[in-house]
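What follows is each chain in one-letter form.
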Amino acid sequence: MNFKKLKIGQKLQITVLLVTGLVFISSIGYISLKNRQRALRDTTTIVDSHAAGYAEQISNTFNEDIAVVRTLAQAFYVHNNMAIEEWKPLFVDMYRQIFENNPDFYALWDSWEYAHIDPEWTLPHGRFLNYHFREDGRIEFQELERSLDGDPDLYGAAKQAGREMIWEPYPDQLEVGATGTTLMTTLTVPMFFNNRYIGLVGVDITLARLQRMISEIQPYDEAYAFLVSSEGLYAAHPQTDFLETSLAENLWQDEQAMNLTDKIRRGETFSFSSAHEKGENYYYTFAPVFIGETQTPWSMGIAVPVKHIEREATIQFLISALIGLAGLIIMGVIIWWVARNISSPVKLITALMQRLAKGEIDTEMKLHLQTGDELQQMAEAFNTSIVGLDEKTRFAQAIGKGNLEAELELLSEHDVLGKSLKEMQTDLIKAKKEESLRQEENKIRRWSTEGYAKFSEVLRNNNDNMEALAFDVIQNLVKYLEANQGGIFIYNDEDTNDPFLELQGCYAYDRKKYLEKKIYPGEGLVGTCFKEGKTIYMTQLPQNYIRITSGLGDDNPGALIIVPLVLNDDIYGVIEIASFNEFKPYQIEFIEKIGESVASTISSVKTNLQTTVLLEKSQQQAEEMKAQEEEMRQNMEELHATQEEMARKSAEMEGILNALDSSSYVIEYDLSGKIINISDSYLKLLNISRQEVIGTHHADKMELTEEQKQDYEKFWNLIKNGNTQHQEVKIQVEDRSFWLAETYTPIFDHNGKPYKIFKIANNITDSKTRAEKLAEENQMLRQRIENLNKEK
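All figures in this text were calculated on a predicted structure; none of them were measured in a lab.

Q: Please clarify how the overall build of the chain should be interpreted in this entry.
A: Along the backbone of the chain there are 20 helices and 25 strands. With 792 residues in all, the chain has 40% of them scored as buried. Within the chain, counting contacts between residues at least 6 apart in sequence, those at least 24 apart form 54% of the total. Carbon and sulfur atoms form 50% of the exposed surface of the chain, whose accessible area is close to 45100 Å².

Q: When you look at a nonpolar patch on the surface in this model, what are you seeing that I'm missing?
A: A grouping of Ile-315, Ile-319 and Ile-323 is seen on the molecular surface, where their side chains present a nonpolar patch of about 260 Å² in accessible area. Mapped onto the secondary structure, Ile-315 falls in helix 9 (residues 306-357).

Q: Help me understand empty space enclosed by the protein in this model?
A: Where empty space is left in the structure can be found by rolling a water-sized probe over the atoms. Taken as a whole and assessed by the stated rule, the structure comprises 3 cavities of 30 Å³ or more. By volume, the largest cavity amounts to about 200 Å³. Forming the walls of the largest cavity are Leu-90, Asp-93, Met-94, Gln-97, Tyr-452, Phe-455, Ser-456, Leu-459, Lys-593, Ile-594, Glu-596 and Ser-597. Counting only elements with at least two residues in the lining of the largest cavity, the list comes to helix 2 (84-101), helix 11 (416-461) and helix 14 (585-623). For the lining of the largest cavity, the per-class residue count stands at 6 nonpolar, 3 polar and 3 charged.

Q: Is there a simple way to explain the side chain of Asp-65 in this structure?
A: Considering the arrangement of structural elements, one finds Asp-65 in helix 1 (residues 8-78). Note on Asp-65: relative accessible area 2%, which makes it buried. A polar atom in the side chain of Asp-65 sits 2.3 Å from the side chain of Arg-209. Not counting residues up to four positions away in its chain, the partners in contact with Asp-65 are Asn-102, Phe-105, Leu-187, Ile-205 and Arg-209.

Q: When you look at the pattern of salt bridges in this model, what are you seeing that I'm missing?
A: For side chains of opposite charge, pairing can occur when their charged atoms come near one another. What the rule picks out here adds up to 15 salt bridges. The partner of Asp-680 in a salt bridge is Arg-690, with the nearest N and O atoms 2.5 Å apart. Pair noted here: Asp-680 is in helix 17 (residues 680-686) and Arg-690 is in helix 18 (residues 690-693), with a separation of 10 residues, a long-range link. Taking relative accessible area as the criterion, Asp-680 reaches 47% and is therefore assigned partly exposed. When its relative accessible area of 29% is taken as the criterion, Arg-690 is described as partly exposed. A single network of salt bridges, built from pairs that share partners, joins Glu-64, Glu-435 and Arg-438.

Q: Honestly, helix 4 (residues 153-161) in this entry has me stumped. Any pointers?
A: Owing to its 3.6 residues per turn, the α-helix aligns residues three or four sequence positions apart on the same side. Every buried residue of helix 4 is listed here: Tyr-155, Ala-158 and Lys-159. One side of helix 4 holds all its buried residues, which, seen down the axis, span an arc of 100°. Residues of helix 4 that are exposed and angled more than 90 degrees away from the buried face: Asp-153 and Gln-160. Next to the buried residues of helix 4 lie strand 1 (105-113), strand 2 (127-135), strand 4 (165-166), strand 6 (182-193) and strand 7 (196-206). Where helix 4 ends, the next residue or the one after it, Gly-162, has phi of about 65°, a positive value.

Q: Can you walk me through the packing of helix 11 against helix 12 (residues 466-480) in this structure?
A: Think of two packed helices as two axes; the pair is described by the angle between the axes and how far apart they sit. At their nearest, the axes of helix 11 and helix 12 sit 10 Å apart, and the two run at 160° to each other. One way to sum up the angle between helix 11 and helix 12 is to call them roughly antiparallel. For the pair helix 11 and helix 12, the sense of crossing is right-handed. Packed against helix 11, whose contacting residues are Trp-447, Glu-450, Gly-451, Lys-454, Phe-455, Val-458 and Leu-459, the element helix 12 presents Leu-469, Asp-472, Val-473, Asn-476, Leu-477 and Tyr-480 at the interface. Tallied by class, the residues present in the contact of helix 11 with helix 12 amount to 8 nonpolar, 2 polar and 3 charged.

Q: Looking at this model, I keep getting lost on a negative patch on the surface. Mind explaining?
A: A cluster of like negative charges, contributed by Asp-93, Glu-100, Glu-589, Glu-592 and Glu-596, occupies part of the molecular surface. Listed by contribution, the elements that provide at least two residues to the negative patch are helix 2 and helix 14. Residue contributions to the negative patch peak at 3 residues, all from helix 14. Here Glu-596 lies in helix 14.

Q: I tried to follow the nonpolar core on my own but got confused; where do I start?
A: Side chains of a nonpolar character, in soluble globular proteins, are inclined to be buried together. Counting residues in each nonpolar core, the largest one holds 86 residues, and the members touching the most others are Phe-62, Leu-227, Val-289, Met-300, Leu-481, Ile-577 and Phe-590. Element by element, the count of residues in this core is highest for helix 1, at 12 residues. Here Leu-227 is in contact with Ile-58, Leu-210, Ile-214, Leu-233, Tyr-234, Ala-235, Ala-236, Val-289, Trp-298, Ser-299 and Met-300, once residues within four sequence places are set aside. Listed in part, the 20 residues of the second largest apolar core include Tyr-682, Val-693, Tyr-712 and Tyr-744.

Rules and cut-offs
- Numbering of residues starts from 1 in every chain and runs along the sequence as written.
- Residues qualify for local features only when their pLDDT is at least 70, as the model is predicted, and side-chain atom pairs are given and counted only at 80 or more; totals for whole chains, interfaces and linings, by contrast, use all residues.
- Side-chain figures throughout are based on the complete set of non-hydrogen atoms in the structure, without hydrogens or water.
- Helix and strand assignments follow DSSP, with helices taken as H or I runs no shorter than four residues and strands as E runs no shorter than two, numbered in order from the N terminus.
- Classification of residues uses two cut-offs on accessible area relative to the type maximum, computed with a 1.4 Å probe and protein chains only: under 20% is buried, over 50% is exposed, and between them is partly exposed.
- We call two residues contacting when some pair of their heavy atoms lies within 4.5 Å.
- Using the Shrake-Rupley algorithm and a 1.4 Å probe, accessible areas are obtained, with residue cover drawn only from the displayed protein chains.
- In this scheme, patches are assembled from residues that exceed 30% relative accessible area and form no salt bridge. Like charges are connected within 9 Å, while nonpolar side chains (Val, Leu, Ile, Met, Phe, Trp, Tyr) are connected within 5 Å.
- A pair is scored as a salt bridge if a Lys or Arg side-chain nitrogen falls within 4 Å of a carboxyl oxygen belonging to Asp or Glu.
- Of the grid points, spaced at 1 Å and generated over the protein atoms alone, those admitting a 1.4 Å probe that cannot get out make up cavities, while open sets with protein on both sides within 12 Å along at least five of seven lines make up pockets; any residue with an atom within 4 Å of a point is treated as lining.
- Grid points are joined across faces, edges and corners, and a volume is the space filled by probe spheres set on the points.
- Note on residue categories: nonpolar means Ala, Val, Leu, Ile, Met, Phe, Trp, Tyr, Cys or Pro, charged means Asp, Glu, Lys or Arg, and polar means any other residue, Gly included.
- Two N or O atoms form a polar contact when they lie within 3.5 Å of each other; inside protein one atom must be a possible hydrogen donor and the other a possible acceptor, and for residues adjacent in sequence the pair counts only when both atoms belong to side chains.
- It is the directions from the helix axis to the C-beta atoms that the arc portrays.
- Axis definition: a line fit to C-alpha positions, over the contact stretch in the case of helices; interaxial angles, taken between N-to-C directions, run 0 to 180 degrees.
- With respect to orientation, any angle under 35 degrees is reported as roughly parallel, any angle over 145 as roughly antiparallel, any angle of 65 to 115 as roughly perpendicular, and every other angle as oblique.
- The crossing is said to be left-handed when, going from far helix to near helix, the turn is anticlockwise and less than a right angle, and right-handed when the turn is clockwise.
- The sign given to each residue is positive for Lys and Arg and negative for Asp and Glu; His and the chain ends receive no count.
- Charge positions are represented by NZ for Lys, CZ for Arg, CG for Asp and CD for Glu.
- Residues belong to one nonpolar core when they are buried, are Ala, Val, Leu, Ile, Met, Phe, Trp, Tyr or Cys, and are joined through side-chain atoms within 4.5 Å.

As structure tokens, then:
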């Protein structure tokens, strides 16, 4: 076809068609390429944000665990002034509660340096552990000794670092007989006293839940996530064969080129593309996982095949190309018929699309065409897209400002971008709710932990005065629960024929109601609670049962809780608390736990009071022996002081026994009278060996008459019935005679029953000799006086 021979209209149509077609194709191509580049950037940004978000989740998981360990370490500071025997039972219950609330905890332990516990310990190593662990579904407890010959490497590193640490992943056999192992790690928090290291609190946790989390992360097809430790070891990976191997081994070429492990140690965020792992090009992104105050961050990694990242951009590009081709065909047909009328709208559309390609979105960009043909439809479709994009932009801005209740109307059921934005909104709402729930749980856990620490201090400060203990406990408990009033009743069984509950402490009670301080078991709600040993919680109280009074008037409380003070199935009293507000389940559980601790303290106070009474009786008995020589009195006073020390501090028993061994002669008998132990000083006095004595009977080698046998049995029965007996005996050792002052004291078990007899003998030979000489001299003097009287 000769272009020169064509008519002017045909030339114009062909020229307009060619020019318009070239412009249209160029515009579509430019926009498509820009969209493809933007899609690539957006996709990698989304992958990076996924990695950062999951890294934050893992960091929160570890931080929750290390917060528990840190709280325990701080709790130990609170109990630093208590004896080990006093705080150990408190922490056993606390550890059990922590295990029940944290199923991923495999072991929870605290390690104490002997150099801090034992002032006489001179070695720089040596420690003991309170080790709580799971075994066959049960929570077990062991006390262990470690590092007696030196600190192991892991513990030594934690001890040397003197800060919070997370250990590198390691395998551990969780159940006896199991064939597989579970990857674990340990979180430790050091304890210092006066800037001196005294021990560690640690938790061994399984990485199973992180493994499950990592296995479920798959933002794209064939993509996978993994978790790497600070030293580059895989801690979680969908392919378990990679666990315990290093990232540097798997991506050794990238490690040499980029020093990946060093970036992880420094806690850097970085990404790169590589085809060294599976022979396929992957996009790798790493986000740091910071854990507590440790200086060894881990890293969360996500690997996505580049082909999947480019797939969406390629699809958009193809769609744009197809749309352009269709538009070009339509445009060609229309231009063939109305070349002059279409040139102006095409230019307008081209200009608007160029603005759109630059990212400009404005409702003023709408097209107003009334051609009644495809151009008008194209304009309407373009206007719909502009409105939809504008609404999506406003919706995204509202979400970004925190308005998660913003609404977005989809353009159609095929509105992919709109659906993605609404899914994002749903995920953010869900995440916000989960975060609120987690914060509430942390608040409750923190409230309970602080409460346990507070009341541990209260109980420790009042362990020698029942009334002060009762008042301090009920006052602090009512205030801590934000209740209105309360009372604590202690079981008084001094008169076994008339036991009753006695009001020992109250806070904000109506005086008229508790003018009578006695309540008998089974009487009223308090007596019923004591008798049944179960908590009573009521929100519908009988009229006038109890009134809460203030300066503005009085009214019935909205809730009443009565909790028994139970320890080892023994009930020591009852706590009653009233409040206008109902008690929440965690508050009820807290009161019951505090009740157990109060019961333990009451038991200790009663024991101390009983010990005081016994000590007073012992002092009265000691006064009856003042007629003896000064040396005997001093020895018995020292012995009495030693016995008091033994009653108050059982932990120092061994030292006291050594002191007795050096100053007195000691023998231990069982209830049948057989010797089960004897001091070295006694063996030396008798000049016999321990093997000759152990197992022999107290009455061996004694020749007794019937009357003496009865007296002996009476003497021994009094001791077995819990009575201390004294006697003076004369023994013959080879060619020497000795006088001994013997004290037989029954030793009681925790049920108050004698289980062995402790005899302490003191050598009074010199005193007896002097007394005998004095008696002889007196006798001679009396004889001489009688002779003089006869001579007169």
